[in-house]
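Geometric and topological summary
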Amino acid sequence: HLRREMRQQGLISLEEIPSENILGADDDLLSIVIEEEEAKALFQSVKETLSHYEYEVFSMYIKGVSSAVIAERTGKSTKSIDNAIARIRKKLKKLL
């Protein structure tokens, strides 16, 4: 009875999934978890490397926010933002 209801709803049981698909999914999940952990570690290193101001600029810059908008949001000049971006690039090249 339960199987019929599951089929009507478009669901399948775990027994119907080939074991290689389940293992593949675990491998993919493990890869995703590892990548997330590596990304967290990288961002922590970036945060420790940059000043508070540089990290604030960096956070907006990597989201695609323009220098002019960053300047407006931080109350700094566009030139100050451009200089911060140059310092950030230099520091990150050393880090990476």
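On a predicted model such as this, the values are computed, not experimentally measured, just so you know.

Calculation criteria
- Residues numbered from 1 in each chain as written.
- Predicted model: local features only at pLDDT ≥ 70, side-chain atom pairs only at ≥ 80, totals over all residues.
- Heavy atoms only, no water.
- Core = buried A, V, L, I, M, F, W, Y, C linked by side-chain atoms within 4.5 Å.
- Buried < 20%, exposed > 50% of the residue type's maximum accessible area, 1.4 Å probe, protein only.
- Helix = DSSP H or I, 4+ residues; strand = E, 2+ residues; numbered from the N terminus.
- Contact = heavy atoms within 4.5 Å.
- pLDDT = per-residue confidence, 0-100.
- Axes fitted to C-alpha atoms, helices over the stretch in contact; angles between N-to-C directions.
- Parallel < 35°, antiparallel > 145°, perpendicular 65-115°, else oblique.
- Nonpolar A, V, L, I, M, F, W, Y, C, P; charged D, E, K, R; others polar.
- Arc of directions from axis to C-beta.
- Salt bridge = Lys/Arg side-chain N within 4 Å of Asp/Glu carboxyl O.
- Patch = residues over 30% accessible without salt bridge, like charges linked within 9 Å, V, L, I, M, F, W, Y side chains within 5 Å.
- Areas by Shrake-Rupley, 256 points an atom, 1.4 Å probe, with all protein chains shown as cover.

Within the largest apolar cluster, 14 residues are counted, with the highest numbers of intra-cluster contacts made by V57, F58, I70, I81 and I88. Sorting the residues of this core by element identifies α3 (52-61), α4 (67-74) and α5 (78-95) as the ones contributing at least two each. With residues near it in sequence (within four places) discarded, I81 still touches Y53, V57, S67, I70, A71, T74 and K76.

All right, on to the confidence of the model for the chain then. Of all residues in the chain, 72% attain a pLDDT of 70 or more, and the chain-wide mean is 81. Per-element averaging of pLDDT across the chain places helix α1 (residues 2-8) at the bottom with 54 and α4 at the top with 96.

What follows concerns the packing of α3 against α5. In contact at an axis separation of 9 Å, α3 and α5 are set at 90 degrees when each is read in the N-to-C sense. Here α5 runs roughly perpendicular to α3, going by the angle between their axes. Listed contacts from α5 to Y53, E54, V57, F58 and Y61 of α3 are S80, I81, A84, I85, R87, I88, R89, K91 and L92. Residue composition of the contact of α3 with α5, grouped by class: 9 nonpolar, 1 polar and 4 charged.

All buried positions along α4 are accounted for by S67, I70, A71 and T74. Along the axis of α4, the buried positions cluster into a sector of 100 degrees, meaning they face one direction only. Facing away from the buried side of α4, by more than 90 degrees, are the exposed residues E72 and R73. Where α4 is buried, its residues touch α3 and α5. Looking one or two residues beyond α4, the residue adopting positive phi is G75, at roughly 75 degrees.

Attention shifts here to the pattern of salt bridges. By the definition in use, this model includes 3 salt bridges. Residue E54 is joined to R87 by a salt bridge in which the shortest nitrogen-to-oxygen separation is 2.8 Å. Pair noted here: E54 is in helix α3 and R87 is in helix α5, with a separation of 33 residues, a long-range link. Judged by its relative accessible area of 37%, R87 falls in the partly exposed class.

Moving on: the environment of I81. With respect to the helices and strands, I81 occurs in helix α5. Put simply, I81 and I70 are 11 residues apart on the chain and 7.1 Å apart in space, counted from C-alpha to C-alpha.

For the rest of this paragraph, the subject is a nonpolar patch on the surface. On the surface, L42, L95 and L96 cluster together into a nonpolar patch covering about 290 Å² of accessible area. Mapped onto the secondary structure, L42 falls in helix α2 (residues 19-49).

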